[in-house]
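For reference, the chains in residue letters:
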Amino acid sequence: MLPDVQKLLDLQEIDREILDLKSQLARYPVVWEETKKRMAQRKADHEAARKRLEDNLDQRRRKEQRIKNWLTDLQRSQTRLSLSKTEKEYQAANKELEKIREKLQKEEEDVNLLVEEASRREEEEVEERGKLEEFKEFYLSERQRIRSQFNEKKARVAELDRERAARAERVPDDLRHLYERVHKMHPGSAVVPVRGASCTGCHYSLLPDVMVTLHRGDELVICPNCGRILAYDEEFVPEEQDAAVS
Ligand SMILES: [Zn+2]
């Protein structure tokens, strides 16, 4: 292989690692946003459960107050009944008394239903609170994990950038410019090995004279189809041979 091509492969090795790290780095904000959304949902679920329980207690308090009022009315009505002097007065007081008893019964039934419902509402609130607490723990550890991994990877990229600059300096200018151009078009695969007389970048079958030049290793060869820089892979073992060995 042309020695300069080996230098490009060394450069590409770093570029691949940088590309991989950068794509991982780009994922972190997405993962974090997702975690924040889930946290907000947990909070909203708990808040809704808390609100339902509070509403239940409010309604109950209001109804219990109304029951007290009806009981006062009931007493007043009973007094009226006992003091009634005529049949007409008696009938009117009795009718009113019945009405109050009906209302009272209805309110009491409602309160009983609300009491039953309250235990379910309490359970729901406890459950949602538990889920929220559990998620909070995950949220905090996730924040810690993302922060430290993000910073670690960012520092590694900075380190690789320095190493890359050093490796790039070892490559002649014109070749480096060519590499940068191809790398832009084919990130991470500007230089590809040739296997089975094909460019492994685009699977284009190379003509015999191209293979001869590659073999000779004294000239830079570009894939006529995709424009990638070709590297003759001396250590390549075709699959059949590989199978025969094992
Ligand atoms: Zn190609």
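Scroll up to find the structure this text is about.
Note that this is a predicted model, so its numbers are computed, not measured.

**Overview of the packing of helix 1 (residues 3-83) against helix 3 (residues 173-185)**
Phase 1: For the pair helix 1 and helix 3, the least separation of the axes is 11 Å and the interaxial angle reads 40°. In terms of orientation, helix 1 and helix 3 fall into the oblique class. The chirality of how helix 1 crosses helix 3 is right-handed. Along its contact with helix 1, which presents Asp4, Leu8, Leu11 and Asp15, the element helix 3 presents Leu175, Tyr179 and His183.
Phase 2: For the contact of helix 1 with helix 3, the class distribution of residues is 4 nonpolar, 1 polar and 2 charged.

**What about unusual backbone geometry?**
Phase 1: At alanine 197, a position not held by glycine, the phi torsion is positive, near 60°.
Phase 2: With respect to the helices, strands and loops of the structure, alanine 197 is situated in the loop between strand 1 (191-195) and strand 2 (198-199).
Phase 3: The exposure class of alanine 197 is partly exposed, given the 13 C-beta atoms found within 10 Å.
Phase 4: Here histidine 203, not a glycine, exhibits a phi torsion of approximately 65°, which is positive.
Phase 5: Within the secondary structure, histidine 203 is located in the loop between strand 2 and helix 4 (208-216).

What counts, and at which threshold
Residues numbered from 1 in each chain as written. Predicted model: local features only at pLDDT ≥ 70, side-chain atom pairs only at ≥ 80, totals over all residues. Axes fitted to C-alpha atoms, helices over the stretch in contact; angles between N-to-C directions. Helix = DSSP H or I, 4+ residues; strand = E, 2+ residues; numbered from the N terminus. Parallel < 35°, antiparallel > 145°, perpendicular 65-115°, else oblique. Left-handed = near helix turned anticlockwise from the far one by under 90°. Contact = placed C-beta atoms within 7 Å. Nonpolar A, V, L, I, M, F, W, Y, C, P; charged D, E, K, R; others polar. Buried ≥ 20, exposed ≤ 12 C-beta atoms within 10 Å, placed from the backbone.

Such coordinate-based values are descriptive only and should not be taken to indicate function.
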